[in-house]
Number of protein chains: 2
Amino acid sequence: MSAVLQEIVHPAVTAKKASIAPFPASEKVYVQGSRADLRVPFRKISQESTHTTGTAEQNPPVYVYDTSGPYTDPAVEIDLLQGLPALRDAWIQERGDTEQLAGPSSDYGQARQHDPALAHLRFEHIRAPRRAKAGANVSQMHYARKGIITPEMEYIAIRENQRMESLTELYARQHPGQSYGAGIPKIITPEFVRDEVAKGRAIIPANINHPELEPMIIGRNFLVKINCNLGNSALSSSIEEEVEKMLWSIRWGGDTVMDLSTGKNIHETREWIIRNSPVPIGTVPIYQALEKVDGKAEELTWEIFRDTLIEQAEQGVDYFTIHAGIRLPFIPLTAKRLTGIVSRGGSIMAKWCLAHHKESFLYTHFEDICEIMKAYDVSFSLGDGLRPGSIHDANDEAQFAELKTLGELTQIAWKHDVQTMIEGPGHVPMHMIKENMDLQLEHCHEAPFYTLGPLTTDIAPGYDHITSAIGAAMIGWYGTAMLCYVTPKEHLGLPNKQDVRDGIVTYKIAAHAADLAKGHPGAQSRDNALSKARFEFRWQDQFNLSLDPEKALEFHDETLPKESAKVAHFCSMCGPHFCSMKITQDVRDYAASKGLSDQEALNEGMEEMSEEFVKQGAEVYRKV
Amino acid sequence: MSAVLQEIVHPAVTAKKASIAPFPASEKVYVQGSRADLRVPFRKISQESTHTTGTAEQNPPVYVYDTSGPYTDPAVEIDLLQGLPALRDAWIQERGDTEQLAGPSSDYGQARQHDPALAHLRFEHIRAPRRAKAGANVSQMHYARKGIITPEMEYIAIRENQRMESLTELYARQHPGQSYGAGIPKIITPEFVRDEVAKGRAIIPANINHPELEPMIIGRNFLVKINCNLGNSALSSSIEEEVEKMLWSIRWGGDTVMDLSTGKNIHETREWIIRNSPVPIGTVPIYQALEKVDGKAEELTWEIFRDTLIEQAEQGVDYFTIHAGIRLPFIPLTAKRLTGIVSRGGSIMAKWCLAHHKESFLYTHFEDICEIMKAYDVSFSLGDGLRPGSIHDANDEAQFAELKTLGELTQIAWKHDVQTMIEGPGHVPMHMIKENMDLQLEHCHEAPFYTLGPLTTDIAPGYDHITSAIGAAMIGWYGTAMLCYVTPKEHLGLPNKQDVRDGIVTYKIAAHAADLAKGHPGAQSRDNALSKARFEFRWQDQFNLSLDPEKALEFHDETLPKESAKVAHFCSMCGPHFCSMKITQDVRDYAASKGLSDQEALNEGMEEMSEEFVKQGAEVYRKV
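Rules of the game
- Along each chain, numbering runs from 1 in the same order as the chain's sequence is written.
- As a convention, the first chain written is A and the first ligand written is 1, with the rest following in written order.
- Since the coordinates come from a predicted model, pLDDT governs what is reported: local features require at least 70, and pairs of side-chain atoms require 80 or more to be given and counted, while whole-chain, interface and lining totals use all residues.
- Water and hydrogen atoms play no part in the side-chain values, which are based on all heavy atoms of the structure.
- UniProt positions are given in the numbering used here, feature names are shortened, and annotations may be inferred rather than shown by experiment.
- Only protein chains enter the accessibility calculation, which uses a 1.4 Å probe. A residue is then buried if its area is under 20% of the maximum for its type, exposed if over 50%, and partly exposed in between.
- We count a stretch as a helix when DSSP gives it H or I for four or more residues in a row; a strand needs E for two or more, and each element gets its number in order from the N terminus.
- At least two DSSP bridges between two strands are required for those strands to pair.
- Convention adopted: a line fitted to C-alpha atoms gives each axis, helices being fitted over their contacting stretch, and angles between N-to-C directions are expressed from 0 to 180 degrees.
- Note on definitions: a residue-residue contact is assigned when non-hydrogen atoms from the two residues lie within 4.5 Å.
- Ring pairs are drawn from Phe, Tyr and Trp, using the six-membered ring of Trp, whenever the two centres fall within 6.5 Å, and their geometry is named by plane angle: stacked under 30 degrees, edge-to-face over 60, tilted for the rest.
- Geometric relationships in this document are graded by angle, where less than 35 degrees denotes roughly parallel, more than 145 denotes roughly antiparallel, 65 to 115 denotes roughly perpendicular, and other angles denote oblique.
- Crossing handedness follows the turn of the near helix against the far one: under a right angle anticlockwise gives a left-handed crossing, and clockwise gives a right-handed one.
- By the convention adopted, Pro, Cys, Tyr, Trp, Phe, Met, Ile, Leu, Val and Ala count as nonpolar, Lys, Arg, Asp and Glu as charged, and the other residues, Gly among them, as polar.
- Whether a crossover is right-handed depends on one test, that the path from the first strand over the helix to the second runs clockwise when the strands point away from the viewer.
- Here a polar contact is recorded for every N or O atom pair within 3.5 Å, except that within protein the pair must consist of a potential hydrogen donor and a potential acceptor, and residues adjacent in sequence are included only if both atoms are side-chain atoms.
- Basic side-chain nitrogens of Lys or Arg form a salt bridge, by our definition, when they fall within 4 Å of a carboxyl oxygen of Asp or Glu.

With an unreviewed UniProt entry as reference, chain A is termed Phosphomethylpyrimidine synthase, source organism Methylogaea oryzae. As stated in UniProt under Catalytic activity (unreviewed entry), the record for chain A gives "5-amino-1-(5-phospho-beta-D-ribosyl)imidazole + S-adenosyl-L-methionine = 4-amino-2-methyl-5-(phosphooxymethyl)pyrimidine + CO + 5'-deoxyadenosine + formate + L-methionine + 3 H(+)".

So this is what it looks like as structure tokens:
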């Protein structure tokens, strides 16, 4: 095996320790669907029992949505050189509407395949790509509109329900949400999934050439999802680093991963990532197309771009960011901006439009692009190339002009049954965020919104995961279906593993806060379980139920390392004397001792209180 | 000098390096008020010029609100053993309504002063305390209501305006805000400050025994402030650590500091902190009172508590958290909660109420407390002892019953011209946050709201600075005047210096995001300046203008350490080819070359576009 392959295996080895180690007290469980090969994974977190005077109360396990794929399942032998098992293979073949090609049909794909110089970099077990039979449309939206419930849809219904039926009364307790008109049902059925996809309100990014994928859905009436970015640049990073970043991203909860590579060997890097990824992979094809013309935007052509789309579609990319909304007349609208055009793809296309003085080939060939998308079931992520890059430029004419165009393009895509989501800002102060959501719903006909942040201030480089988590949580609440994470390195550099972890956990917080605010059924159960553990001083359960158990444990141990402290009925914040939780037990006993309902207790208290007033009234209001 | 004093000096020494070092490109400047001894500090951040083809544009300096006191002024000789100069001394004496006592009038204060065993711990230059002359009221609210504009009020007016008059057109540009009924004027005048304090809508925490204080204001119509907590506990920390934490807190932007010590030598620790603090110091006196009865809540008495109030008031504590809103009838309402009573002070008083079966002495002696407050100008921070400790318990009957009582107590305090703010939650999902603000405004008659977070989910211990920054930014936008910071160690342990820094910067972000959303005049200027620097690749200016310049620089250098990179017109995210900012310049040149206004450019573009439609229309909508 070559040195580089050795290197590429390397992440798997370290992964065994870091990226792949099961979480504490956690076990991978599968819920069986209607067919033998439909098994939906969950992470089952076991809890200790509660010991109060004499009695021991069992605390039920908590089941959480699991994006980590087979990696955290000790029963599965991981081999990055082989890639993941193709769990959707049978589903795709049974549909009988695809054919296996002899090999890549893109010029570039063929060239890379036959370049001996790349042998040492190439993934060893590349499948011949599949494509829709002539005239066929293999998109999940196409099936949905024909009334077909695919295994992918059933899989998603089971996954989104998160075993809610297993919740106890206490865990199921939840505040009614404010969903701003979203239509979230109590139970997600396969038929509901189909209907949402048919209406275009949700997408299932699932390229037929990515059978390793564990199906997931992006839509306003489902759990809010998060995307993580990775990718090498001309300046740094390598294949094995990117594969490791992908493993790391899904471990911490990334629902999708975008490969934004702009450096060397993009094609090979992508192959390694997709073959080993259980989550949808998105790309921005214009980045690679630009590499093919040595970075000279004006030399881009439809033919080069088209070949790139096919190249990537046949590798299994699940969604493409396409900046087709940048129209020539919108470009001058950005001239007076403080920060101009900050979207990379947007600025590339703007440059092209100016150089050629015409509408971009993305716009003029949009229907040609749709033809490619539906032949592989690649979803659109219509890019917001004119998103604001500063608070100053938020919600301006250029931004909303493009948004309208994205709505028009959405309807063209839907005419082809091509799944579509819409990308959103950017930098927006809190009070201007909702307008973004409202206009997106209006102009884009409820196609899923996929936003970057938004960052609510520009003044904290180094902390932009936080400036943006504030905006992300809010826009998620208002209806955004997927949040693109921002790491602490935003504006400053490429994220390392720690930055990726910080960015993901921060965005899991934003997404979950949004689910709670929307009143997503069952969303509060994990909060209830963790808070009960906290109240009962089940420290270990508190750590295990948290988004980042390792960090919680590590922080706790900095002040109270002793094992005993983890069972102690106090913590380092208050010490033994001051424990408020402990004192609260007295309150319970007090109420219990009188066998009072809350209301009775209130009345009873009121009497005592009024007696007090008689006795001490003079005290309370005495003049001085 | 004793070993301990040596230790205590030690922070000053390290401080010289860390806590006290001026920020890069920053200089402390003072704006002269109407009297020689009224000089308001700002941090002046200088910028490089912008070099574009041939021309060099000067970029004006940015003036920012500075909480760090004399410490970041290299011209000032820092000596923690001496304490800070008493800049308000003359102002207080001129009012002629106070007298200097022979010594502490509290039993405890006297005992500590005469205990030889404490000599090695004691601050060496303790002033004899001041107190209002018999019958006098020395609160800023009392002066305000008599129509007197104090030097403190003038100082605050200058400080809050942040030298707005110096803003250029570009920096002054700002989105109109949504202030939910706040009444923020374009210019803050001393008279406006007086009027807000007179109405009770803002407070100036400024104990006459804390003359070292640089006056600041807490109110909905002023900049949103943040509080940082420090304090030793029975389990850890020491005097010098606490002093160093205070220096560290104000360096990063803490507007006030609460000393929540519950361990040894609370009295001496507090003296060291106050004598060296330019920001208001708050405490929760019941913590120390409890220490005096060995942690047995039921043994607390009004006499012990009263003596503690006087002890602390004479040291110069600027505001007291008093949990007088916990009434006997409310306690049973918490019995059915998931996490009961989580406020330490709240649980102490609840325990007392249950043990004695009567209303607490805080409630029955509330007017006696007012008498003490107005004799030293200590402000009330009415504690929310029944705040929810989990999402499950948010906005419940117990919480809002207490809030109503806090409103009644506010009116009693105002009857005595005692300044008052109200503490708020806690754990609240996003969609239930606004109700907290609305009810607080209604029940508490627009007294300033001072909230902890709120945390918007319970599932991320280790990241609760983030779960709470989301809620803090939102409630700050809705009208909260001061945000109590939460560190990553919340629920897990006592924060170290890094946690304090993370917590403060996170809360500066939340407070600033709120100022932007409210449309606070001038709030956007720092965002505009930083974004302009970013767009122009003035990397150093971008770092210098950020909330944490050191972190921004450090992150940047991780990927592009070379000095050259700091002037390079690209960054590690995109590399030389892909720079969107660079491409944007072409757009400008394009628009400029035609000397177009935005609208003309639009029209002109529209023409081109329509030509395109004619030429390529068939392309755009061609059937396949």
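K.L.:
Which residues make up the pairing of strand 10 (residues 225-230) of chain A, and what values do they have?
P.N.:
Moving residue by residue along a regular strand, the side chains alternate between the two faces of the sheet. Residue and element names in this part refer to chain A. Summarising burial for strand 10: six of the six residues are buried, a large majority. Burial along strand 10 is two-sided: Lys-225, Asn-227 and Asn-229 facing one way and Ile-226, Cys-228 and Leu-230 facing the other are all buried. Strand direction decides the pairing type here: strand 10 and strand 11 (residues 256-259), joined by four bridges, are parallel. In the sheet register, Asn-229 faces strand 11, and the bridge partner there is Met-258.

K.L.:
Give a detailed account of the sheet that holds strand 5 (residues 62-65) of chain B, specifying residues and quantitative values.
P.N.:
Residues and elements named next belong to chain B. Reading across from one edge, 1-2-5 is the order of the three strands in this open sheet, with antiparallel pairing throughout. Lying at the two open borders of the sheet, with one neighbouring strand each, are strand 1 (26-32) and strand 5. The sheet shows a mean angle of 40° between the axes of neighbouring strands, direction not considered. The strands touched by helix 5 (residues 151-161) are strand 1, strand 2 (39-45) and strand 5; relative to strand 2, the strand with the most contacts, the crossing angle is about 15°.

K.L.:
I'd like to hear about the packing of aromatic side chains, residue by residue, with values.
P.N.:
A complete count under the given rule lists 28 aromatic pairs over all chains for this structure. Between Phe-123 of chain A and Trp-272 of chain A, the ring centres sit 4.9 Å apart and the planes meet at 85°, which makes this aromatic pair edge-to-face. Of this pair, Phe-123 of chain A sits in the loop between helix 3 (107-113) and strand 7 (130-132) while Trp-272 of chain A is found in helix 9 (residues 266-275), placing the two residues 149 residues apart along the sequence. We note that Phe-123 of chain A, like Trp-272 of chain A, is buried. Measuring from ring centre to ring centre gives 5.4 Å for Tyr-180 of chain B and Tyr-478 of chain B, while their planes differ by 85°; the resulting arrangement is edge-to-face. Note that Tyr-180 of chain B is positioned in the loop between helix 6 (169-172) and helix 7 (190-199) and Tyr-478 of chain B in helix 17 (residues 464-478), a separation of 298 residues in sequence. Exposure remark for Tyr-478 of chain B: the relative accessible area of 6% places this residue in the buried category.

K.L.:
Hey, could you go over helix 10 (residues 285-292) of chain A for me, with residue numbers and the actual values?
P.N.:
Residues and elements named next belong to chain A. In terms of burial, helix 10 is a largely internal element, six of the eight residues being buried. Taken together, the buried positions of helix 10 are Pro-285, Ile-286, Tyr-287, Gln-288, Ala-289 and Leu-290. Where helix 10 ends, the next residue or the one after it, Asp-294, has phi of about 55°, a positive value.

K.L.:
Could you give an account of helix 19 (residues 525-535) of chain B, naming the residues involved and the relevant values?
P.N.:
Residue and element names in this part refer to chain B. Buried residues dominate helix 19, accounting for 11 of its 11 residues. Inspection of helix 19 places Ser-525, Arg-526, Asp-527, Asn-528, Ala-529, Leu-530, Ser-531, Lys-532, Ala-533, Arg-534 and Phe-535 among the buried residues, and these make up the whole buried set. Taken from the residues just after helix 19, Phe-537 is the one with a positive phi, measuring 60°.

K.L.:
Outline the packing of helix 8 (residues 239-252) of chain A against helix 18 (residues 497-518) of chain A, supporting the account with residue identities and numerical values.
P.N.:
All names here are of chain A. Two numbers describe how helix 8 lies on helix 18: the axes approach to 9 Å, and their chain directions differ by 30°. In terms of orientation, helix 8 and helix 18 fall into the roughly parallel class. Every pair of crossing elements has a handedness; the one defined by helix 8 and helix 18 is right-handed. Residues Glu-244, Trp-248, Ser-249 and Trp-252 of helix 8 form the contact with helix 18, whose participating residues are Lys-497, Val-500, Arg-501, Ile-504, Val-505 and Lys-508. Looking at the contact of helix 8 with helix 18 residue by residue, the class counts come to five nonpolar, one polar and four charged.

K.L.:
Could you give an account of the environment of Leu-441 of chain B, naming the residues involved and the relevant values?
P.N.:
Residue and element names in this part refer to chain B. One can find Leu-441 in helix 16 (residues 433-443). Judged by relative accessible area, which is 19%, Leu-441 ranks as buried. Separated by 240 residues in sequence, Leu-441 and Arg-201 place their C-alpha atoms 9.9 Å apart.

K.L.:
Explain the pairing of strand 15 (residues 420-424) of chain B residue by residue, including any values.
P.N.:
All names here are of chain B. Most of strand 15 is tucked away, with five of its five residues classed as buried. Burial along strand 15 is two-sided: the face carrying Thr-420, Ile-422 and Gly-424 and the face carrying Met-421 and Glu-423 are both buried. In this sheet, strand 15 lies alongside strand 14 (residues 379-382) in parallel orientation, the contact comprising three bridges. Counted as the bridge partner of Ser-381 is Met-421 from strand 15. Inspection of the sheet shows strand 15 paired to strand 16 (residues 449-452) by three bridges, in the parallel sense. Note on strand 16: the bridge partner recorded for Ile-422 is Phe-449. Tracing the backbone out of strand 15, into helix 16 and back to the parallel element strand 16 gives a crossover that is right-handed.

K.L.:
Residues and numbers for the environment of Gln-32 of chain B, please.
P.N.:
Residue and element names in this part refer to chain B. With respect to the helices, strands and loops of the structure, Gln-32 is situated in strand 1. With relative accessibility at 45%, the residue Gln-32 sits in the partly exposed group. The residues contacting Gln-32, other than those within four sequence positions of it, are Leu-38, Arg-39 and Ile-158. A polar contact of 2.7 Å, which involves the side chain of Gln-32, links it to the backbone oxygen of Arg-35. Side-chain polar atoms of Gln-32 contact the backbone oxygen of Ala-36, separated by 3.3 Å.

K.L.:
Lay out the pattern of salt bridges in plain terms, naming residues and giving numbers.
P.N.:
Residue and element names in this part refer to chain A. Per the stated rule, a full pass over the model turns up 80 salt bridges over all chains. The shortest N-O distance in the salt bridge between Glu-550 and Arg-501 comes to 3.7 Å. Within this pair, whereas Glu-550 is found in helix 21 (residues 549-559), its partner Arg-501 is found in helix 18, the two being separated by 49 residues in sequence. Residues joined by salt bridges that share partners form a network here, namely Glu-57, Lys-532, Glu-536, Arg-538 and Asp-541.

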